[in-house]
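Fold and contact review
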Amino acid sequence: MKIKRYIVDSLPQAIQLIRQELGENAVILNTKEIKTGGFFGLFQRKQLEVIAASEVAEKKAEELPVPKQPQAEESEVLKRLENVEKLLENFSKNEALVESKQSGQKLRKWLAKLEEQEVDEEVIRFIEKKIITQSSSLEELTEQQVGEMVQDAITGLFQDGIASEGLDSEVNMITLIGPTGVGKTTTIAKLASRQVLYQRNKVGLLTADTFRIAAVEQLRTYANILNVPIEVADSPEHVKLAMERLEHCQMIFMDSAGRNYLEEQYIEEMKELLSKASKQENHLVLSMTTRWKDMKQIVEKMKSLQIDKIILTKWDESTCFGAALNLVYHYPYPLSFLCLGQGVPEDIMLAKAQYMAKKIMGVDERAGSGAETERIVSAF
Ligand SMILES: Nc1nc2c(ncn2[C@@H]2O[C@H](COP(=O)(O)OP(=O)(O)OP(=O)(O)O)[C@@H](O)[C@H]2O)c(=O)[nH]1
Ligand SMILES: [Mg+2]
């Protein structure tokens, strides 16, 4: 028995070839539509795979001088055909297995990248499941196309975790809370500058950070540049009085000392104070240079204060961005702003899903997208 595989454009073409090569008695065992050629998965051609067999071996057997046993010979052919069928079945099963392994490999490669970026296990499994259920033909996609699907899934998660407004238009007091050195004071300077420069709002600054003299001076410098009033309060009680003195301002930005959040007492006092102020928003400031494990602990600790939104700073200094995705996946606090440098007021922009997803996927933002201009224009 001779078996041959043909890749053709049509069945008549296959029949002609089979007759020429395997003779008139050849039989077609299987036909299947396949895709061939193409470039990175594009422009592929639909063709037909035809498996045909001819009974050459039987003819030889007939020529041998053996006693005629027509019935036995017949059964022999059937047996062989059954074997061929089994072989073909195994062959296509193996082919399917190889294909599914390949598609798995492409997806696994991207998921490994997410792991490198410290996207946590649960989020990775969520993305994997989403992509597998979304596409029944992953094996037909190129690695790049699978990557685009991963990026879309990440963008979708971020889109659900972004605040509809950076600063709520109803709000007249913004408090920035968060650990030491994440950029609270710098971010207040950025936000306040923009209110003064672009929104033409009357702005007041208030600092509850009296732990370091330099901290007050830092904010006072910005207040002087912007020509806006600044109040210093050294206890939650004084914060209340300071707020009254700034009542004429359309927007008050309150700075706080990161160090104080280590003290339960301070957190308790702030909690009471913040719950009293109406029309106010608390933005928790976190730095992208913080490891996810630590960031999670900070959020857990700060949770008892009312967190309305999260600002993520130092995108320019980090190489690992998965924590941002973990945050929106695990916590209900929407992202408001992203800070991308020390420059006041330009290095801030509204949280943007595509930007964050690209960072995680390692797509170079500098390559032609004009990130610099983008962040200045879209900050408010
Ligand atoms: N690269 C980079 N540096 C930043 C960013 N935001 C703030 N910084 C820098 O981080 C350092 C600390 O910033 P601060 O604004 O003083 O931080 P803070 O949270 O007020 O710190 P404490 O008052 O000590 O709690 C400064 O050198 C800032 O210039 C940012 O987005 N990117
Ligand atoms: Mg500060």
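Residues numbered from 1 in each chain as written. Chains lettered and ligands numbered in written order. Predicted model: local features only at pLDDT ≥ 70, side-chain atom pairs only at ≥ 80, totals over all residues.

**With respect to the overall build of the chain**
Counting its regular elements, the chain contains 13 helices and 11 strands. For the chain, with 380 residues in total, the buried portion stands at 32%. A separation threshold of at least 6 residues defines the contact pool for the chain, and within that pool the share at least 24 residues apart is 75%. (Helix = DSSP H or I, 4+ residues; strand = E, 2+ residues; numbered from the N terminus. Buried ≥ 20, exposed ≤ 12 C-beta atoms within 10 Å, placed from the backbone. Contact = placed C-beta atoms within 7 Å.)

**Observations concerning the site of ligand 1**
Surveying the vicinity of ligand 1 reveals 20 residues, the closest of which are G183, T185, T186, G258 and C339. Of the residues forming the shell around ligand 1, the biggest block, three residues, is contributed by helix 6 (residues 184-199). The residue makeup of the shell around ligand 1, split by class, is five nonpolar, nine polar and six charged. (Near = placed C-beta within 6 Å. Nonpolar A, V, L, I, M, F, W, Y, C, P; charged D, E, K, R; others polar.)

**A closer look at the sheet that holds strand 8 (residues 280-287)**
Note on sheets: strands pair through backbone hydrogen bonds, and any given pair is parallel or antiparallel. The strand order across the open sheet formed by eight strands is 6-5-7-4-8-9-10-11, and the pairing between neighbours is mixed. Only two strands of the sheet have a single neighbouring strand rather than two, namely strand 6 (230-232) and strand 11 (348-350). Taken pair by pair, the neighbouring strands of this sheet meet at an average axis angle of 20 degrees, ignoring direction. Two elements, strand 5 (residues 203-207) and strand 7 (residues 251-255), share five bridges in a ladder whose sense is parallel. Across the sheet, T207 pairs through a bridge with D255, a residue of strand 7. (Pairing = 2+ DSSP bridges. Axes fitted to C-alpha atoms, helices over the stretch in contact; angles between N-to-C directions.)

**Details of the packing of helix 5 (residues 143-160) against helix 12 (residues 353-361)**
Helix 12 packs onto helix 5 with a crossing angle of 135 degrees between their chain directions and a minimal axis gap of 8 Å. Viewed along their axes, helix 5 and helix 12 adopt a mutual orientation that is oblique. Crossing geometry of helix 5 relative to helix 12 is assigned as right-handed. Residues G147, Q151, I154, T155, F158 and Q159 of helix 5 form the contact with helix 12, whose participating residues are A353, Q354, M356, A357, I360 and M361. (Parallel < 35°, antiparallel > 145°, perpendicular 65-115°, else oblique. Left-handed = near helix turned anticlockwise from the far one by under 90°.)

**Details of the nonpolar core**
Within soluble globular proteins, side chains that are nonpolar generally end up buried alongside one another. In terms of nonpolar packing, the biggest core is built from 71 residues, with A192, L206, I252, F253, L312 and A324 touching the most fellow members. Listed in part, the eight residues of the second largest apolar core include I18, L22, A26 and I51. (Core = buried A, V, L, I, M, F, W, Y, C linked by C-beta atoms within 7 Å.)

**Details of the sheet that holds strand 3 (residues 45-54)**
If you trace the three strands from one edge of the open sheet to the other, you get 1-3-2, paired in antiparallel fashion. Each end of this open sheet is capped by a strand with a single partner; those strands are strand 1 (2-8) and strand 2 (27-36). In this sheet, neighbouring strand axes are inclined to one another by 20 degrees on average, regardless of whether the strands run parallel or antiparallel. As judged from the nine bridges shared by strand 2 and strand 3, these two strands associate in the antiparallel manner. Looking at the pairing, T36 lines up with R45 of strand 3. Contacting strand 1, strand 2 and strand 3, helix 1 (residues 11-22) crosses the sheet at an angle of about 145 degrees to strand 1.

**Section: the environment of E281**
Residue position: E281 is located in strand 8. For E281, a count of 22 C-beta atoms within 10 Å puts it in the buried group. In the structure, E281 is positioned 109 residues away from N172 in sequence and 8.2 Å away in space, judged by C-alpha atoms. When near neighbours in sequence (up to four residues on either side) are disregarded, E281 contacts D168, V171, I174, D308 and K309.

**Some thoughts on helix 1**
Each α-helix winds once per 3.6 residues, and so residues spaced three or four apart point in a common direction. Along its 12 residues, helix 1 runs 15 Å from first to last C-alpha, staying within 8% of the 16 Å computed at 1.5 Å per residue. Buried within helix 1 we find A14, I18 and L22. Projected down its long axis, helix 1 carries its buried residues within an arc of 35 degrees, all on one side. What points out from helix 1, more than 90 degrees from its buried face, is the exposed set P12, Q16 and Q20. In this fold, the buried residues of helix 1 make contact with strand 1 and strand 3. One or two residues past the end of helix 1 sits G23, with phi positive at roughly 90 degrees. (Expected span 1.5 Å × (residues − 1). Arc of directions from axis to C-beta.)

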